[in-house]
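Each chain is listed here by its residues.
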Amino acid sequence: MTSSSSSCWLASLSSLAPLLVSLLALLALLEQISYLLKKRSLPGPPLVLPFLGGAARMVADPTGFWDRQARLAASSPLGLSANYLVGRFILFVRDTELSHRVFANVRPDAFHLVGHPFGKKLFGEHNMIYMMGQDHKDIRRRIAPNFTPKALSTYTSLQQIIILKHLKRWVDLSSPPAAAGEPSKAIALRLLARDMNLETSQTVFAGPYLSREARERFNVDYNLFNTGLMTLPFDLPGFAFRKARLAVDRLVETLAGCAGKSKERMERGEEPCCLIDFWMKETAREAGAAREAAGGAPPPQPHSGDREIGGHLFDFLFAAQDASTSSLLWAVTLLDSHPQILAKVRDEVAGIWSPDSDALITGEQLREMKYTEAVAREVVRYRAPATMVPHIAGEEFQLTDTYTVPKGTIVFPSVFESSFQGFTEPNRFDPDRFSKERREDQIYKRNFLAFGAGAHQCVGQRYALNHLMLFIAMFTTLIDFRRDQTDGCNDIMYVPTICPKDDCRVFLSMRCARFPQLSLD
């Protein structure tokens, strides 16, 4: 390029600059006007940052951001507050009955469950959480065999063996053997619990179909996915969001391969040993019945392709993994700060199961642990792992007599806020509220939304409660623990589910004479 042509190009660019600035200013003004028209009289920021809105603040301090939305909603007679995130108007719902209205109206002309503000970019369009109507009913019917009593009993055995393996490791990290000559130290449980839950999910969901190498790759990709959940949705090379999206593709492909292998094994009539086996056994049975009825090769069954099943397995893993990690950490935190409750749990478990027996906790024994279950339910109520369940308004929807949700709005029903409404002394950690005498789980059932409500209520909630109960029973029986108390250590942090701000730092030591020798035999 010659000097003269370069000068002409710069001159042209300089002449366009005022026009570009004016265009950007106009777009910012139109965006601001649109926000104010949608917000109407709802509490929320009077002005929003152009294009990004409150996204930077949400990523930098999610706890502060959502606490402010909750306070604003509490100040409104409607129980709603507004904000703006990356080109999207958002609505925070604090009122329990309005949350139920959202959950009850998941359909094409009302609300669409998205799971994450930018979930479709991450999870893909055909994820189970985006299904509605008959398709959604069909897939829930197909996954029902995954959570029968027989299936859950199979899972509890696997869960206990993995929990024990990790508890031993945690004790060694915090209290090294005397021969090592190292002092006891506090360890942060968040990543350790996440690793334990990831191994549990891999084993329970995919069983023998994941090799060691596949599990290692799986762990790396799942970490990339988790990181991407907490970043801005810039789907560009090198950005965390792009890495997360590509990681999801690889994870789904891996799980699709597991589905194919399980399908072959179940068609041979072998016994199920993991969740995908129970699913594929029913799929194989239906395929056989259809083949017999058709007198030959039947048409392909809906929702039975390996890739689709792999996507649904990823849904299960995502739901089980992070929410479960959150609940385990809060269980440790809350039991440490409530020694009388801890003592009652230990007494109950000791009367039902002894580690000296070297026996697994049976499904019947687990059902006998009524107080331990009450503690697990109260942990979930008091610190709901997924504090909000994002939906998108597919069309305008009249949520109250005076407010209509604009089309395209991201709506955040807060299950966390609902957990502190209705219940007796809701700010108190009190497992007895779930006792037969008080029955607050029935009296205030509409406020207990940690597992959702409506057509998309969590299908695996019994599995989740069993996992939390097994962890509480084994952790409190086998280990003495003490929180490393520091200022603000129990404050809430989003990662993206909630956990203690210090990652739950604890001192651990053996409480029993020896660890049990558990096996599936």
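Now for a look at the structure at hand. Just so you know, these numbers come straight off a predicted model, no measurement behind them.

## Points about the environment of Phe65
Step number 1: You can see Phe65 is positioned in helix α3 (residues 62-74).
Step number 2: For the pair formed by Phe65 and Ala55, sequence separation is 10 residues and the distance between their alpha carbons is 9.4 Å.
Step number 3: When neighbours within four sequence positions are excluded, Phe65 is seen to be in contact with Gly54, Arg57, Met58, Asn83, Leu85 and Ile90.

## A closer look at the packing of helix α12 (residues 306-337) against helix α18 (residues 461-478)
Step number 1: Contact geometry of α12 with α18 gives a least axis separation of 10 Å together with a crossing angle of 35 degrees. Between α12 and α18 lies a crossing whose hand is right-handed. In this structure, α12 contributes Ala320, Ser324, Ser327, Leu328, Ala331, Val332 and Leu335 to the contact, and α18 contributes Tyr463, His467, Leu468, Phe471, Ile472, Phe475 and Thr476.
Step number 2: By residue class, the composition of the contact of α12 with α18 is 10 nonpolar, 4 polar and no charged.

## Description of the packing of aromatic side chains
Step number 1: Enumeration over the complete set of coordinates arrives at 24 aromatic pairs.
Step number 2: Summarising the aromatic geometry, the rings of Trp66 and Phe412 are spaced 4.8 Å apart at their centres and angled 50 degrees between planes, so their arrangement reads as tilted. One end of the pair, Trp66, is in helix α3; the other, Phe412, is in strand β8 (residues 410-413), and 346 residues separate them in sequence. Of the two residues, Trp66 and Phe412, neither departs from the other in class, the shared state being buried.
Step number 3: Judged by centre distance (5.7 Å) and plane angle (75 degrees), the rings of Tyr382 and Phe429 are edge-to-face. Linking Tyr382 in helix α15 (residues 370-382) with Phe429 in the loop between α16 (415-418) and α17 (440-443), this pair joins segments that are 47 residues apart in sequence.
Step number 4: Members of the aromatic cluster, connected to one another through ring pairs, are Phe147, Tyr155, Phe205, Phe278, Trp279, Phe316 and Tyr463.

## Some remarks on helix α9 (residues 212-229)
Step number 1: Along its 18 residues, α9 runs 26 Å from first to last C-alpha, staying within 8% of the 26 Å computed at 1.5 Å per residue.
Step number 2: For α9, the set of buried residues is Ala214, Arg215, Phe218, Asp221, Tyr222, Phe225, Asn226, Gly228 and Leu229. The buried residues of α9 occupy one face: seen down the axis, they fall within an arc of 150 degrees. Among the exposed residues of α9, those oriented more than 90 degrees off its buried face are Arg212 and Arg217.

## Concerning the packing of helix α10 (residues 240-267) against α12
Step number 1: The geometry of α10 relative to α12 is characterised by a closest axis approach of 7 Å and an angle of 115 degrees between their N-to-C directions. In this structure, α10 meets α12 at a crossing whose hand is right-handed. When α10 is examined against α12, the residues Val248, Asp249, Leu251, Val252, Glu253, Leu255, Ala256, Ala259, Gly260 and Lys263 are found in contact with a partner set consisting of Asp306, Arg307, Ile309, Gly310, Gly311, Leu313 and Phe314.
Step number 2: Classifying every residue of the contact of α10 with α12 by side-chain character gives 9 nonpolar, 3 polar and 5 charged.

## A look at helix α8 (residues 190-206)
Step number 1: A rise of 1.5 Å per residue sets the reference length of α8, with its 17 residues, at 24 Å; its end C-alpha atoms lie 23 Å apart and thus fit the reference within 8%.
Step number 2: Burial of α8 is extensive: 15 of the 17 residues sit out of reach of the surface.
Step number 3: Gly207 sits one or two positions beyond α8 and adopts a positive phi of about 50 degrees.

## As for a nonpolar patch on the surface
Step number 1: On the surface, Leu23, Leu24, Leu26, Leu27, Leu29, Leu30, Ile33, Leu37 and Phe51 cluster together to form a nonpolar patch covering roughly 850 Å² of accessible area.
Step number 2: Inspection of the secondary structure puts Ile33 in helix α1 (residues 3-39).
Step number 3: Assessed through its relative accessible area of 40%, Ile33 is described here as partly exposed.

## Side note on the nonpolar core
Soluble, globular proteins show a tendency: their nonpolar side chains are buried together.
Step number 1: In this structure, Trp170, Leu189 and Trp279 are the most contacted members of the largest nonpolar core, which totals 129 residues.
Step number 2: Considering every element that reaches this core, the biggest residue donor is α12, with 13 residues.
Step number 3: Residues in contact with Leu189, not counting those within four places in the same chain, are Trp170, Leu329, Val332, Asp503, Cys504, Val506 and Leu508.

## Some thoughts on the pattern of salt bridges
Step number 1: All told, the structure shown has 30 salt bridges when counted by the stated rule.
Step number 2: Glu199 is paired through a salt bridge with Lys165; the nearest N and O atoms lie 2.9 Å apart. Taken together, the residues Glu199 in helix α8 and Lys165 in helix α7 (residues 149-174) connect sequence positions 34 residues apart.
Step number 3: For Glu199, a relative accessible area of 18% translates into the label buried.

Cut-offs and rules
- Residues numbered from 1 in each chain as written.
- Predicted model: local features only at pLDDT ≥ 70, side-chain atom pairs only at ≥ 80, totals over all residues.
- Heavy atoms only, no water.
- Helix = DSSP H or I, 4+ residues; strand = E, 2+ residues; numbered from the N terminus.
- Contact = heavy atoms within 4.5 Å.
- Axes fitted to C-alpha atoms, helices over the stretch in contact; angles between N-to-C directions.
- Left-handed = near helix turned anticlockwise from the far one by under 90°.
- Nonpolar A, V, L, I, M, F, W, Y, C, P; charged D, E, K, R; others polar.
- Phe/Tyr/Trp six-rings, centres within 6.5 Å; stacked < 30°, edge-to-face > 60°.
- Buried < 20%, exposed > 50% of the residue type's maximum accessible area, 1.4 Å probe, protein only.
- Expected span 1.5 Å × (residues − 1).
- Arc of directions from axis to C-beta.
- Patch = residues over 30% accessible without salt bridge, like charges linked within 9 Å, V, L, I, M, F, W, Y side chains within 5 Å.
- Areas by Shrake-Rupley, 256 points an atom, 1.4 Å probe, with all protein chains shown as cover.
- Salt bridge = Lys/Arg side-chain N within 4 Å of Asp/Glu carboxyl O.
- Core = buried A, V, L, I, M, F, W, Y, C linked by side-chain atoms within 4.5 Å.

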